[in-house]
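Secondary and tertiary structure notes
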Amino acid sequence: MKTNELILLLQIAGVLHLGLMCAGVMMPRAVNLRGNLAVLPPFIRRLFWVYYCFVALCLVSFGIITTTMAGTLASGSDLARAMCVFMASFWTLRLIAATFVFDVRPYLTNTFWRLGYHATNIVFIYLPVVYVLAAWKGGQ
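Conventions adopted
Residues numbered from 1 in each chain as written. Predicted model: local features only at pLDDT ≥ 70, side-chain atom pairs only at ≥ 80, totals over all residues. Heavy atoms only, no water. Helix = DSSP H or I, 4+ residues; strand = E, 2+ residues; numbered from the N terminus. Contact = heavy atoms within 4.5 Å. Axes fitted to C-alpha atoms, helices over the stretch in contact; angles between N-to-C directions. Parallel < 35°, antiparallel > 145°, perpendicular 65-115°, else oblique. Left-handed = near helix turned anticlockwise from the far one by under 90°. Nonpolar A, V, L, I, M, F, W, Y, C, P; charged D, E, K, R; others polar. Salt bridge = Lys/Arg side-chain N within 4 Å of Asp/Glu carboxyl O. Phe/Tyr/Trp six-rings, centres within 6.5 Å; stacked < 30°, edge-to-face > 60°. Lys NZ or Arg CZ within 6 Å of the ring centre and 35° of its normal. Expected span 1.5 Å × (residues − 1). Buried < 20%, exposed > 50% of the residue type's maximum accessible area, 1.4 Å probe, protein only.

1. Some details on the overall build of the protein chain
- Counting its secondary structure elements, the protein chain contains six helices and zero strands.
- When the helices and strands of the protein chain are placed in sequence order, the string is α-α-α-α-α-α.
- Across its three principal directions, the C-alpha atoms of the protein chain cover 55 × 35 × 25 Å.
- A sequence separation of at least 24 residues applies to 80% of the contacts in the protein chain between residues at least 6 apart.

And the structure:
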């Protein structure tokens, strides 16, 4: 694979992270998050929101880093490979969670939510594939 092709695949991955942010912003409404969290003790409710914001920060950071530093990530340097392996692992674990841990069927109440769910799963497949490819083929 040519470096320019790998850079393009990484830039697409970066933009897809930002697309996942859009899905993440819509998720609270889709699952009635405020209503479901209202029954929890205040500490647990705040803890969840802090985690939710940290995940959002990771998505934004991954997207910006991948989009703006795609050439560096494709370089094959030790740090670039380490970062790509980390992000491939992150997204592989997220795909496993989406497949085997979360049961979102009760929330897929219309075509829009079902299409969004399938689109995010396609992204969850694309991202680890691209990062593994960058870790393996970077610099060649």
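Read on for the rest.
2. Let's talk about the environment of methionine 69
- With respect to the helices and strands, methionine 69 occurs in the loop between helix H3 (42–68) and helix H4 (70–73).
- Taking the C-alpha atoms as reference points, methionine 69 and glutamine 11, separated by 58 residues in sequence, lie 8.5 Å from one another.

3. Things to note about the packing of helix H1 (residues 3–30) against H3
- Packing of H1 against H3 leaves a shortest axis separation of 7 Å and a crossing angle of 160°. Considering their axes alone, H1 and H3 lie roughly antiparallel with respect to each other. The two elements H1 and H3 meet at a crossing, and its hand is left-handed.
- Its residues assigned to classes, the contact of H1 with H3 comprises 14 nonpolar, seven polar and no charged.

4. Focus on the pattern of salt bridges
- In the structure shown here, the tally under the stated rule is one salt bridge.
- Between aspartate 103 and arginine 105 there is a salt bridge, with the nearest N and O atoms lying 2.8 Å from each other.

5. Considerations on the packing of aromatic side chains
- This model, assessed by the stated rule, comprises nine aromatic pairs.
- Relative to phenylalanine 86, the ring of phenylalanine 62 lies with its centre 5.9 Å away and its plane at 80°, an arrangement referred to as edge-to-face. Of the two residues, phenylalanine 62 is situated in helix H3 and phenylalanine 86 in helix H5 (residues 78–101); the sequence distance between them amounts to 24 residues.
- With 5.6 Å between their ring centres and 20° between their planes, tryptophan 91 and phenylalanine 124 make a pair best called stacked. Of this pair, tryptophan 91 sits in helix H5 while phenylalanine 124 sits in helix H6 (residues 111–137); the two residues are 33 residues apart in sequence, bridging distant segments of the chain.
- One residue, lysine 137, lies across the ring of tryptophan 136, its end atom 4.4 Å from the ring centre.

6. Some words on H1
- In this model, H1 (28 residues) spans 40 Å end to end at C-alpha, consistent with the 40 Å of a helix rising 1.5 Å per residue.
- All buried positions along H1 are accounted for by Leu6, Ile7, Leu10, Ala13, Gly14, His17, Leu20, Met21 and Pro28.
- On its buried face, H1 sits against helix H2 (33–37), H3, H4, H5 and H6.
- Just downstream of H1 lies asparagine 32, where phi reads positive at about 50°.

By themselves, these figures tell us nothing about what the structure is for.
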